[in-house]
Amino acid sequence: MKPYRSTPAAAGLAGLLLGLALTTSWSAGEVRELASGLTALPSMDELDPMPVLPRTRLVVAMEEARSSLERHRPWRAWQELEAHVADPAEAPATAVLLAARAASEWGGWREVRELLAGRDWLGRAEGGEGWFLLGRAYEEAERMEAAADAYRRYTAIPGARSRAVAYARLGNVLRGEGRHREAAAAFGAAAEQTPGARDWLRTLQAEALARAGSPEVVSVAAASAGVSGPVRVRQARAEASFWTASGDTVRALDRLDREVRGLVSL
């Protein structure tokens, strides 16, 4: 390896050390050793700027991509980042996530899967957003087991910003797979965290419980008294279907009759 030549700056520092040695307890040998190391430092004109340029370009590309996303131009954001995340295993997590977010907004779910699948930082970077995006990508590919796993991993992250949405999507995935009891639990968790949509999420929970043959449907449906008419009707139907499946048609008819009379009196 070619040795670095001495620079004026390094020589000046060596001189400063020598001056300090005259007023301290440093030995001449210690000063010479430090000075020889300083004079071996490279000058600025010997530094290769090329390793620095790709990172600089990436920073600029990320800022441009964020700006494009703010202007609702996800395809443009993707184009600005695509070359920098061609090998996502080597790219910074923040850049990969930003590219995945851009791809998700223009429907590039295959690209999202390629960017995020197998990354060991999904649960740590950006509040775990990668797990949510990966869940959506698997869902779009109808890989429901993988989607459910990704959503579960995301909901387990403290402070996950889209936890309620992830629970709702998890419930929908599980319902489609016929796993109604698990779906009911997911819809219930989503309802707890989404006051504005709680009635409809409780309805989905009740319907899943009815399909699972769980008597819990009765208490869930009863807790929705006073909500909107369409919600009450669907919850009454869910409870009635449970009683019918249990062989108690009289109770099922009574539940529907009570709901009809309640709606008429509104």
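As the structure is a computational prediction, the values presented were derived from the model and not from experiment.

1. Side note on the overall build of the protein
Phase 1 of the analysis: Of regular secondary structure, the protein possesses 14 helices and zero strands.
Phase 2 of the analysis: The order of α-helices and β-strands along the protein, N terminus first, is α-α-α-α-α-α-α-α-α-α-α-α-α-α.
Phase 3 of the analysis: Looking at the protein as a whole, 41% of its 266 residues qualify as buried.
Phase 4 of the analysis: In the protein, once contacts between residues fewer than 6 apart in sequence are set aside, the share between residues at least 24 apart is 49%.
Phase 5 of the analysis: Just so you have it, the protein exposes about 15100 Å², and 55% of that area is on carbon and sulfur atoms.

2. Examining unusual backbone geometry
Phase 1 of the analysis: Not every positive phi belongs to a glycine, and Glu 126 is a case in point at roughly 50 degrees.
Phase 2 of the analysis: Mapped onto the elements of the fold, Glu 126 is located in the loop between helix 6 (109-116) and helix 7 (129-140).
Phase 3 of the analysis: In this structure, Glu 142 takes a positive phi of about 60 degrees despite not being glycine.
Phase 4 of the analysis: Within the element layout of this structure, Glu 142 appears in the loop between helix 7 and helix 8 (144-155).
Phase 5 of the analysis: Overall, the relative accessible area of 64% leaves Glu 142 in the exposed class.

3. Points about the packing of aromatic side chains
Phase 1 of the analysis: For the structure shown, the criterion picks out four aromatic pairs.
Phase 2 of the analysis: When the ring of Trp 75 is compared with that of Trp 106, the centres are 4.9 Å apart and the planes differ by 85 degrees; the resulting orientation is edge-to-face. With a gap of 31 residues between them, Trp 75 in helix 4 (residues 74-82) and Trp 106 in the loop between helix 5 (93-105) and helix 6 connect regions that are remote in the sequence.
Phase 3 of the analysis: Judged by its relative accessible area of 28%, Trp 106 is partly exposed.
Phase 4 of the analysis: Judged by centre distance (6.0 Å) and plane angle (55 degrees), the ring pair of Phe 132 and Tyr 151 falls under tilted. Remark: Tyr 151 occurs in helix 8 and Phe 132 occurs in helix 7; sequence separation between them is 19 residues. The two residues Phe 132 and Tyr 151 agree in class, both being buried.

4. A closer look at the packing of helix 7 against helix 9 (residues 163-176)
Phase 1 of the analysis: Where helix 7 meets helix 9, the axes come as close as 11 Å, and the angle between the chain directions of the two elements is 25 degrees. As summarised for this structure, helix 7 and helix 9 are arranged roughly parallel, according to the angle between their axes. Relative to helix 9, the crossing made by helix 7 is left-handed. Contact residues: helix 7 offers Phe 132, Arg 136 and Glu 139, while helix 9 offers Val 165, Ala 166, Arg 169, Asn 172 and Val 173.
Phase 2 of the analysis: A class-by-class count of the residues in the contact of helix 7 with helix 9 yields four nonpolar, one polar and three charged.

5. Quick notes on the environment of Gly 178
Phase 1 of the analysis: Summarising the element assignment, Gly 178 is placed in the loop between helix 9 and helix 10 (180-193).
Phase 2 of the analysis: Given a relative accessible area of 43%, Gly 178 falls into the partly exposed group.
Phase 3 of the analysis: Considering only alpha carbons, one finds Gly 178 and Ala 212, 34 residues apart in sequence, at a separation of 8.9 Å.

6. Thoughts on the layout of surface pockets
Any empty space left between atoms is shown by rolling a water-sized probe over those atoms.
Phase 1 of the analysis: Here the second largest pocket is characterised by a volume of approximately 160 Å³.
Phase 2 of the analysis: Lining of the second largest pocket is provided by Trp 75, Trp 78, Glu 82, Val 85, Ala 86, Pro 88, Trp 106, Arg 110, Glu 111, Glu 114 and Leu 115.
Phase 3 of the analysis: Secondary structure elements with two or more residues in the lining of the second largest pocket: helix 4 and helix 6.
Phase 4 of the analysis: Among the residues forming the lining of the second largest pocket, the class breakdown is seven nonpolar, no polar and four charged.

7. Regarding the nonpolar core
Phase 1 of the analysis: Within the largest apolar cluster, 62 residues are counted, with the highest numbers of intra-cluster contacts made by Val 112, Leu 115, Leu 116 and Trp 121.
Phase 2 of the analysis: Take this core: its biggest share by element is nine residues, from helix 5.
Phase 3 of the analysis: Not counting chain neighbours up to four residues away, the residues in contact with Leu 115 comprise Trp 78, Val 85, Pro 88, Val 96, Ala 99 and Ala 100.

8. Notes on the confidence of the model for the protein
Phase 1 of the analysis: Scored by pLDDT, the protein has a mean of 80; 71% of the residues are at 70 or more.
Phase 2 of the analysis: Under a pLDDT of 50 for its full length, residues 1-11 has, in the predicted model, 17 contacts with residues more than four places off or in other chains.
Phase 3 of the analysis: Under a pLDDT of 50 for its full length, residues 38-47 has, in the predicted model, 20 contacts with residues more than four places off or in other chains.

9. So, the pattern of salt bridges
Phase 1 of the analysis: Across all of its chains, the model carries 12 salt bridges by this definition.
Phase 2 of the analysis: Linking Glu 182 and Arg 152 is a salt bridge whose minimum nitrogen-to-oxygen distance equals 2.8 Å. Here Glu 182 is found in helix 10, whereas its partner Arg 152 is found in helix 8, with 30 residues between them in sequence.
Phase 3 of the analysis: As a salt-bridge pair, Glu 182 and Arg 179 come within 3.1 Å of each other at their nearest N and O atoms.
Phase 4 of the analysis: By relative accessible area, which is 29% here, Arg 179 ends up partly exposed.
Phase 5 of the analysis: Each member of the salt-bridge network shares a partner with another, and the members are Arg 136, Glu 139, Glu 140 and Arg 169.

Calculation rules
- Residues numbered from 1 in each chain as written.
- Predicted model: local features only at pLDDT ≥ 70, side-chain atom pairs only at ≥ 80, totals over all residues.
- Heavy atoms only, no water.
- Helix = DSSP H or I, 4+ residues; strand = E, 2+ residues; numbered from the N terminus.
- Buried < 20%, exposed > 50% of the residue type's maximum accessible area, 1.4 Å probe, protein only.
- Contact = heavy atoms within 4.5 Å.
- Areas by Shrake-Rupley, 256 points an atom, 1.4 Å probe, with all protein chains shown as cover.
- Phe/Tyr/Trp six-rings, centres within 6.5 Å; stacked < 30°, edge-to-face > 60°.
- Axes fitted to C-alpha atoms, helices over the stretch in contact; angles between N-to-C directions.
- Parallel < 35°, antiparallel > 145°, perpendicular 65-115°, else oblique.
- Left-handed = near helix turned anticlockwise from the far one by under 90°.
- Nonpolar A, V, L, I, M, F, W, Y, C, P; charged D, E, K, R; others polar.
- 1 Å grid on protein atoms, 1.4 Å probe; cavity = no way out; pocket = protein on both sides within 12 Å on 5 of 7 lines; lining within 4 Å.
- Points joined across faces, edges and corners; volume = space filled by probe spheres on them.
- Core = buried A, V, L, I, M, F, W, Y, C linked by side-chain atoms within 4.5 Å.
- pLDDT = per-residue confidence, 0-100.
- Salt bridge = Lys/Arg side-chain N within 4 Å of Asp/Glu carboxyl O.

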